[in-house]
Amino acid sequence: MMMKRPLRLSVLVAGMALISAGVLFTACNKNDNGNNGGSDAAGLMAFNLAPDQPAVSLALSGNIITNTPLAFGNYTGVYLGIYPGTRQVQSYDFTTSSPIATTSSSFMTGRYYSLFVVGANSNYQNLVIEDKLDSLDASTNQAYVRYVNAIPDSSAPVITFQAGGADVVNESAAYRHASEFTAIAPGNVDITVSNGGNIQANRSITVEANKIYTVLLSGLPGATDPSAAVQIRYVGNGTLSAGSTQQKSSTAGRQQIP
């Protein structure tokens, strides 16, 4: 009987590399800012999707984890190595040091998570999602795409992903909903979000085989300022591989979401 080779995952991680089926966090020393460079770490990628918050700082259990504040539409760019366990997740207005939102979330060793700061008009939330990257299959040579609806509105707009002339995703999604990753053939993907009224946006992106993407739906419905209007952006979370061990690391910092 032929044995399948184990899947491996290459992701953008600060001091973090995946070896075979396990996770090894390297190149970062443990310190007092809530980050963890040891082998018992979890990974956290953080985003500022609150359109009226121009500078957001983030902390875990009271320890700042972002070296520089995140502007709206910015993210850490990589998964940060953090201590696992149940942690208090806090976001702050950097200019006033005032708290924006506080929640509690559990982080497990070797797992990957995304933190989205969402909301507007003094009503914010820290949305923490486990990314479940290790559940994705590299043998199909598909891309994997999900979306997060961070548009603060009571309606449930329709989100569609169309590839090869067919709808791969076509569903309504309430504010703060994060979908599961969907397998999509490599190539162009046309994305739309619409509630038939004040939420209307579309964009075409190109996805590659075995790469993992998150589509970010954000902005204020009906906003006249283009920088705050409803928009579709996306980031790459990593790359799946069924071959030899891959490692990829990057320096964490503030990065603009394309």
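Just so we're clear, the structure is a prediction, and the values are computed from it rather than from any experiment. (Residues numbered from 1 in each chain as written. Predicted model: local features only at pLDDT ≥ 70, side-chain atom pairs only at ≥ 80, totals over all residues. Heavy atoms only, no water.)

Novice: Any details on the overall build of the protein? Residues and values, ideally.
Specialist: When helices and strands are counted, the protein shows 0 helices and 22 strands. A buried classification covers 49% of the 258 residues belonging to the protein. Counted over contacts in the protein with a minimum sequence separation of 6, partners at least 24 positions apart contribute 64%. Split by element, the accessible area of the protein, about 11400 Å² in all, is 47% carbon and sulfur. (Helix = DSSP H or I, 4+ residues; strand = E, 2+ residues; numbered from the N terminus. Buried < 20%, exposed > 50% of the residue type's maximum accessible area, 1.4 Å probe, protein only. Contact = heavy atoms within 4.5 Å. Areas by Shrake-Rupley, 256 points an atom, 1.4 Å probe, with all protein chains shown as cover.)

Novice: How would you sum up the pattern of salt bridges? Please name residues and give values.
Specialist: Under the criterion given, the structure shown has 3 salt bridges. Between glutamate 130 and arginine 111 there is a salt bridge, with its nearest N and O atoms 3.0 Å apart. With glutamate 130 in strand β13 (residues 123-130) and arginine 111 in the loop between β11 (98-107) and β12 (112-120), this residue pair connects regions lying 19 residues apart in the sequence. Taking the relative accessible area as the measure of exposure, glutamate 130 reaches 26% and is therefore partly exposed. Relative accessible area serves as the criterion here: at 28%, arginine 111 is assigned to the partly exposed category. A salt bridge links glutamate 208 to lysine 211; the shortest N-O distance between them is 3.4 Å. (Salt bridge = Lys/Arg side-chain N within 4 Å of Asp/Glu carboxyl O.)

Novice: Could you give me a rundown of the environment of glycine 222, with the residues and numbers involved?
Specialist: Tracing the backbone shows glycine 222 in the loop between β20 (211-218) and β21 (231-241). Judged by its relative accessible area of 57%, glycine 222 is exposed. With 23 residues separating them in the primary sequence, glycine 222 and isoleucine 199 have C-alpha atoms 7.0 Å apart.

Novice: Mind laying out the sheet that holds strand β10 (residues 85-93), listing which residues take part and the relevant values?
Specialist: Taken together, 4 strands build an open sheet; the order of strands is β7-β6-β10-β11 and the sheet is antiparallel. Edge positions in the sheet fall to β7 (63-64) and β11, since each of these pairs with one other strand and no more. As judged from the 5 bridges shared by strand β6 (residues 56-60) and β10, these two strands associate in the antiparallel manner. Bridge pairing in β10 places alanine 59 opposite glutamine 90. (Pairing = 2+ DSSP bridges.)

Novice: Explain the pairing of β10 to me, using residue names and the numbers behind them.
Specialist: Taken together, the 9 bridges between β10 and β11 define a ladder with antiparallel strand orientation. Across the sheet, the residue bridging to valine 89 is threonine 103, located in β11.

Novice: Explain the side chain of asparagine 48 residue by residue, including any values.
Specialist: Of note, asparagine 48 is situated in strand β5 (residues 42-48). From its side chain, asparagine 48 meets the backbone nitrogen of alanine 50 in a polar contact 3.0 Å long. Leave out the neighbours within four places in its chain, and asparagine 48 touches Gln53, Val56, Leu70, Ala71, Phe72, Gly73, Asn74 and Val117. (Polar contact = N/O pair within 3.5 Å; in protein donor to acceptor, adjacent residues only side chain to side chain.)

Novice: Provide a residue-level description of the packing of aromatic side chains, including the pertinent values.
Specialist: Applying the stated criterion to the full structure yields 6 aromatic pairs. With centroids separated by 5.3 Å and ring planes inclined at 15°, the aromatic side chains of phenylalanine 47 and tyrosine 75 adopt a geometry described as stacked. Taken together, the residues phenylalanine 47 in strand β5 and tyrosine 75 in strand β8 (residues 74-75) connect sequence positions 28 residues apart. The pair phenylalanine 47 / tyrosine 75 is uniform in exposure class, with both members buried. Among the aromatic residues, those joined into a cluster by ring pairs are Phe47, Tyr75 and Phe116. One cation-aromatic arrangement involves arginine 233 over phenylalanine 72; the distance from NZ or CZ to the ring centre is 5.9 Å. (Phe/Tyr/Trp six-rings, centres within 6.5 Å; stacked < 30°, edge-to-face > 60°. Lys NZ or Arg CZ within 6 Å of the ring centre and 35° of its normal.)

Novice: Pulling in residues and values, what's your account of the sheet that holds strand β18 (residues 187-194)?
Specialist: Taking strand neighbours across the sheet as the criterion, the 4 strands line up as β16-β15-β18-β19 in an open arrangement whose pairing is antiparallel. Taken across any chain shown, the strands that pair with only one partner, and hence form the sheet edges, are β16 (166-172) and β19 (200-207). For this sheet, the mean inter-axis angle between neighbouring strands, taken without regard to orientation, is 15°. Two elements, strand β15 (residues 158-163) and β18, share 5 bridges in a ladder whose sense is antiparallel. Note on β18: the bridge partner recorded for glutamine 162 is aspartate 190. (Axes fitted to C-alpha atoms, helices over the stretch in contact; angles between N-to-C directions.)

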